[in-house]
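# Survey of secondary and tertiary structure
Here is what each chain is made of, one letter per residue.
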Amino acid sequence: MRPGWPETGGQWVRFSGNLINLSTIVGLAVAKIGGAEIKRGPRGLFLGEHYRLKFPIAGAFTIGNVITTTSTWDQMLRKYPFLIKHEEVHTWQYFYCLGLPYYIPYVIFMGWSVLRTGDRAARNFFERQAGLAIGGYRDYPVRPIGEGIRAVLGKLMLTRS
């Protein structure tokens, strides 16, 4: 994980595109607001460590070309050796979604995943494309839509009591 500039033409396109669409700028700001220490990562990525805010709820998350963790990257990579590879796919997703509009389909796919499996990642297109297992996620079997709707409505009713 030596720090460095993008190494290929494609990585330069992603690096530039995520700067232009402002997602990397937002990622750097979110990491800083969350108290993360930011350092250069491989292939034009930025790595944040010791993020302190409670949102988003994740061991690591990506915004633009900024990949941030509540822990350290040494600790995360000991537990999930290919996590950077998983998160780097998300950097490409920001690029092809033109930046922050990424959140619209991501939330839709997350809802679909919860409906179909009870888990936010198992049937989320973006998480599957990035590699569920290398991102630390489990795959769950698909349940019938009616069963998913009943489960989601049941959880909503419990939270309102």
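Residues numbered from 1 in each chain as written. Predicted model: local features only at pLDDT ≥ 70, side-chain atom pairs only at ≥ 80, totals over all residues. Heavy atoms only, no water.

## Some details on the sheet that holds strand 2 (residues 46-49)
What the four strands build is an open sheet, ordered 1-2-4-3; its pairing is mixed. Each edge of the open sheet carries a strand with a single partner, namely strand 1 (37-40) and strand 3 (60-63). Averaged over neighbouring strand pairs, the angle between their axes works out to 25 degrees when direction is ignored. Of the pairings in the sheet, the one linking strand 3 to strand 4 (residues 66-69) comprises four bridges and is antiparallel in character. Bridged to T62 within strand 4 is I67. Helix 4 (residues 83-96) contacts strand 2, strand 3 and strand 4 of the sheet and is inclined by roughly 25 degrees relative to strand 3. (Pairing = 2+ DSSP bridges. Helix = DSSP H or I, 4+ residues; strand = E, 2+ residues; numbered from the N terminus. Axes fitted to C-alpha atoms, helices over the stretch in contact; angles between N-to-C directions. Contact = heavy atoms within 4.5 Å.)

## Remarks on the nonpolar core
Y102 and F126 are the most contacted members of the largest nonpolar core, which has 13 residues in total. Apart from residues lying up to four places away in sequence, F126 is in contact with H90, Q93, Y96, C97, Y102, P105, Y106 and F109. Of all hydrophobic cores here, the second largest spans eight residues; its members include I67, W73, M76 and I84. (Core = buried A, V, L, I, M, F, W, Y, C linked by side-chain atoms within 4.5 Å. Buried < 20%, exposed > 50% of the residue type's maximum accessible area, 1.4 Å probe, protein only.)

## Some points on unusual backbone geometry
Note that the residue after F55, namely P56, is joined by a cis bond; omega there is 0 degrees. Of note, L22 is a non-glycine position whose phi angle comes to about 75 degrees, a positive value. Note on placement: L22 falls in the loop between helix 1 (9-20) and helix 2 (23-33). Located in the positive-phi region is R43, a residue other than glycine, with phi close to 55 degrees. On the secondary structure map, R43 appears in the loop between strand 1 and strand 2.

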